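Structure assessment
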Amino acid sequence: MTKVVKFGGSSLASAVQFAKVGDIIRSDESRKYVVPSAPGKRNDKDIKVTDMLYSCYAAAEAGEEYKPKLKKIKDRFDSIINGLHLKTSLEQEFRTIAENFEQKAGVEYAASRGEYLNGIIMADYLGYTFIDAAEVIVFDDKGEFDAEKTDKVLSARLRKCDRAVIPGFYGAKKDGTVHTFSRGGSDITGSIVAKAAGADLYENWTDVSGFLIADPRIIQNPEVIQVITYRELRELSYMGATVLHEDAVFPVRKAGIPINIRNTNQPEDKGTLIVENTCHHSKFTITGIAGKKGFVAVNVDKDMMNSEVGFGRKVLSAFEQSGISFEHMPSGIDTMTVFVHQEEFEGKEQQVLSAINRLAKPDTVDLEADLALVAVVGRGMRSTRGTAGRIFSALSHANVNVKMIDQGSSELNIIIGVANNDFETAIKAIYDIFVTTQL
């Protein structure tokens, strides 16, 4: 069995955390390929190494004194090396970084050095082969990830070493220029490595014991999701759940490799298993609840709208012309409502409204701002009668007015629109009726 293991920044923030990670890896012979992030915060007042690198490079690029900042970064890594009693030296690496900063190597190069240096330490600590991600993670000239070329190059490289450390977050263009994924991209690297290695499992280790049914900032000690499908994960991630970078799903999903979200500080917890399909019955009717605030509902009303061919296209083209994407579009016989992000819409609202009136010629157009969307997701809802009714009942008892409801044809999710002020109350009410009371 082959496992690829990725460790987040909080898991590698200090020598103490590194030692925990080492124990986890050595406890299972199948954990052959390791993807580390840059050191994260050691405490609430600390600064992530990646943020320190951004600040240091900005100073260098502006022609300001940057070496004291670089020295602080080196001290962070040296504290890890010394705490682990290693003989690893990063002197030459930091000389190279200083030279490249002075030559304006780019902000992406700077941001990637945290993962790169942590990878060197991790490889030395474990006695694994170090593979620079810039040599095996390929981007094209436009900065788009080249999945096919990467899989070919990386697979060939991994076949030559039984155990290796590959830093997360970055790769390189064909000319050797370092290029990064979006913030949190080490999750993506782990997924790419898992696919290339033909892994049986991709373990993503972080500081939580898996996906939680609801946001712990809203629900105190929410239940952990034991098993979740990729489709459910996609729905929850899109609506704000942030344990895993959503782009990390695609490489392993295509290869049929499950993901296991685990807790470095509580390695005995089984965490959450993310799979393509499962006959595993969820403990509850729902799998999870997630949501976002800050939406506007654009309500378009026109008599006989349903008989006018192309009406919906005309309305949506008004948003398209202004470069605004829509979230949801529930409709009736003579009405349709388009939900869009308020922040994105506000600066362009008049040109959008003008375009709707010009293109669709509606009877009225109304706006309702300061709305939130809540997604209730779960494969168990398909076979359970009255799920929507229970949601409405819970919200009614909590005095939450429902502005919109939209259920997908797959019966995998129900989206509810409420006022921003009712967002937390709505989530608490739904969690209570499906999880706490389990009526």
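In this report, the structure presented in the accompanying data block is examined.

On to unusual backbone geometry, then. Residues other than glycine predominantly adopt negative phi, and peptide bonds predominantly adopt the trans conformation. Positive phi, close to 55°, is recorded for Lys 104, a residue that is not glycine. With respect to the helices and strands, the residue Lys 104 is situated in the loop between helix H4 (91–102) and helix H5 (107–126). A positive phi angle, near 50°, is found at Asn 221, a position not held by glycine.

Below, the discussion takes up the sheet that holds strand E4 (residues 138–139). Strand order in the open sheet formed by three strands is E4-E6-E7, with mixed pairing between adjacent strands. The open sheet has two free edges, formed respectively by E4 and strand E7 (178–180), since each of these has just one partner strand. Where E4 meets strand E6 (residues 170–173), two bridges bridge the pair, whose relative direction is parallel. Each bridged residue has a counterpart across the sheet, and for Phe 139 the counterpart in E6 is Lys 173. Lying over the sheet, H5 contacts E6 and E7, oriented at roughly 80° with respect to E7.

A sheet is described by the order of its strands in space; here five strands give the open sequence E13-E12-E14-E16-E15, paired in antiparallel fashion. What marks the edges here is a single partner per strand, and that holds for strand E13 (335–341) and strand E15 (404–407). On average, each strand axis in the sheet is tilted by 35° relative to the strand beside it, whichever way the strands run. Relative to E13, strand E12 (residues 288–301) runs antiparallel, the two sharing seven bridges.

Locating Lys 142 in the fold gives a position in the loop between E4 and helix H6 (147–159). Lys 142 gets classed as exposed once you look at its relative accessible area, which sits at 76%. It is 8.4 Å that separates the C-alpha atoms of Lys 142 and Lys 173, two residues lying 31 residues apart in sequence.

A surface patch of like charges, here negative, comprises Asp 301, Asp 303, Asp 363 and Asp 366. Note on placement: Asp 303 falls in the loop between E12 and helix H10 (311–321). Here Asp 303 falls in the exposed class, since its relative accessible area comes to 54%.

On to the packing of helix H1 (residues 15–26) against H5. Between H1 and H5, whose axes approach to 11 Å, the crossing angle comes to 55°. Classified by the angle between their axes, H1 and H5 sit oblique to one another. Seen from above, H1 lies across H5 with right-handed handedness. Along its contact with H1, which presents Phe 18, Ala 19, Val 21, Gly 22, Ile 25 and Arg 26, the element H5 presents Asn 118, Ile 121, Met 122, Tyr 125 and Leu 126. Here the contact of H1 with H5 is built from residues that sort into eight nonpolar, two polar and one charged.

Turning our eyes to something else, we now look at H5. Spanning 20 residues, H5 covers 30 Å between terminal C-alpha atoms, matching the ideal 28 Å at 1.5 Å per step. Along H5, the sharpest kink reaches roughly 35°, centred on Arg 113. The buried fraction of H5 is high, at 17 of 20 residues. Gly 127, located one to two residues past H5, shows a positive phi value of around 80°.

A full pass over the atoms with the stated rule returns 11 aromatic pairs. Considering the side-chain rings of Phe 7 and Trp 205, the 5.8 Å spacing of their centres and the 20° angle between planes classify their relative orientation as stacked. Here the residue Phe 7 occupies a position in strand E1 (residues 3–7), and Trp 205 occupies one in strand E8 (residues 201–206), the gap between them amounting to 198 residues. We note that Phe 7, like Trp 205, is buried.

Take helix H14 (residues 423–436) next. Between the first and last C-alpha of H14 there are 18 Å, a value that for 14 residues agrees with the 20 Å anticipated at 1.5 Å per step. In this fold, the buried residues of H14 make contact with E12, strand E14 (364–377), helix H13 (387–397) and strand E16 (413–419).

A few words on the pattern of salt bridges. A full pass over the atoms with the stated rule returns 23 salt bridges. Its salt-bridge partner being Lys 74, residue Asp 78 comes within 2.7 Å of it at the nearest N-O pair. Here Lys 74 and Asp 78 lie together in helix H3 (residues 67–83), a separation of four residues that amounts to about one turn. Neither residue differs from the other here; Asp 78 and Lys 74 are each classed as buried. When the shortest N-O distance is used, the salt bridge between Lys 314 and Glu 308 registers 3.3 Å. What makes Glu 308 partly exposed here is its relative accessible area of 23%. Residues joined by salt bridges that share partners form a network here, namely Lys 3, Asp 28, Arg 31, Glu 203 and Arg 262.

Relative to E14, E12 runs antiparallel, the two being bridged by 12 bridges. Paired with Asp 301 across the strands is Thr 364, a residue of E14.

What counts as what
Residues numbered from 1 in each chain as written. Predicted model: local features only at pLDDT ≥ 70, side-chain atom pairs only at ≥ 80, totals over all residues. Heavy atoms only, no water. Helix = DSSP H or I, 4+ residues; strand = E, 2+ residues; numbered from the N terminus. Pairing = 2+ DSSP bridges. Contact = heavy atoms within 4.5 Å. Axes fitted to C-alpha atoms, helices over the stretch in contact; angles between N-to-C directions. Buried < 20%, exposed > 50% of the residue type's maximum accessible area, 1.4 Å probe, protein only. Patch = residues over 30% accessible without salt bridge, like charges linked within 9 Å, V, L, I, M, F, W, Y side chains within 5 Å. Areas by Shrake-Rupley, 256 points an atom, 1.4 Å probe, with all protein chains shown as cover. Salt bridge = Lys/Arg side-chain N within 4 Å of Asp/Glu carboxyl O. Lys, Arg positive; Asp, Glu negative; His and termini not counted. Charge placed at Lys NZ, Arg CZ, Asp CG, Glu CD. Parallel < 35°, antiparallel > 145°, perpendicular 65-115°, else oblique. Left-handed = near helix turned anticlockwise from the far one by under 90°. Nonpolar A, V, L, I, M, F, W, Y, C, P; charged D, E, K, R; others polar. Expected span 1.5 Å × (residues − 1). Bend = angle between axes of the 7 residues up to and from the residue. Phe/Tyr/Trp six-rings, centres within 6.5 Å; stacked < 30°, edge-to-face > 60°.

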